[in-house]
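Breakdown of the fold
This is what each chain is made of:
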Amino acid sequence: MRQMSWMPIGMGFMMGAMALMIVHGILTGDGGASGVLFVLAHAAVIALAALGVGLGLHRRWPVLARILAHRPTLRHIGLMLVIALATAGIIHLIHGAPTWI
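Now for a look at the structure at hand. Given the structure is predicted, the values throughout are model-derived calculations rather than measurements.

Brief notes about the side chain of H76
- Its location among the elements puts H76 in helix α5 (residues 74-96).
- Setting aside anything within four residues of it in sequence, one finds H76 in contact with P8 and M11.

Listed below in structure tokens is the structure:
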């Protein structure tokens, strides 16, 4: 396994646990605005990237150009989503499995 394969695995693990925590909070009424904040945080990151490109900041700082040029492959996205679903499923079964299992 190449070194690049570990990044989507780690990201999927964290994404699955975080999604389960947010959904659990929303369903139990303890989440407050966590779902809204999650969506707003992603919108803010996308808006900052668009603003950076619009102002041409990526021409001054090569680090920004490298970050903005990153395009994940379908393999990367697929592996990340599979690991996220598996993580959420395992946590759900260990922590709050239905009594009929």
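Considerations on the layout of surface pockets
- Size it by volume and the largest pocket reaches roughly 290 Å³.
- Lining the largest pocket, in full, are H42, V45, I46, L48, A49, G52, L57, L64, I67 and L68.
- For the lining of the largest pocket, the secondary-structure elements that each account for two or more residues are α2 (34-55) and α4 (62-68).
- The leading source of residues in the lining of the largest pocket is α2, at six residues.
- For the lining of the largest pocket, the class distribution of residues is eight nonpolar, two polar and no charged.

Quick look at helix α1 (residues 6-28)
- Here α1 is 23 residues long and its end C-alpha atoms lie 33 Å apart, about the 33 Å a rise of 1.5 Å per residue gives.
- Buried within α1 we find P8, G12, G16, I22 and G25.
- Positive phi shows up at G29, right after α1, with a value of about 85°.

Looking at the side chain of T87
- Within the secondary structure, T87 sits in helix α5.
- Owing to a relative accessible area of 8%, T87 belongs among the buried residues under this scheme.
- One polar contact links the side chain of T87 to the main-chain carbonyl oxygen of I83, over a distance of 2.8 Å.
- Among all residues touching T87, those that are not within four sequence positions of it are G12, F13, G16 and A17.

Parameters and conventions
- Residues numbered from 1 in each chain as written.
- Predicted model: local features only at pLDDT ≥ 70, side-chain atom pairs only at ≥ 80, totals over all residues.
- Heavy atoms only, no water.
- Helix = DSSP H or I, 4+ residues; strand = E, 2+ residues; numbered from the N terminus.
- Contact = heavy atoms within 4.5 Å.
- 1 Å grid on protein atoms, 1.4 Å probe; cavity = no way out; pocket = protein on both sides within 12 Å on 5 of 7 lines; lining within 4 Å.
- Points joined across faces, edges and corners; volume = space filled by probe spheres on them.
- Nonpolar A, V, L, I, M, F, W, Y, C, P; charged D, E, K, R; others polar.
- Expected span 1.5 Å × (residues − 1).
- Buried < 20%, exposed > 50% of the residue type's maximum accessible area, 1.4 Å probe, protein only.
- Polar contact = N/O pair within 3.5 Å; in protein donor to acceptor, adjacent residues only side chain to side chain.

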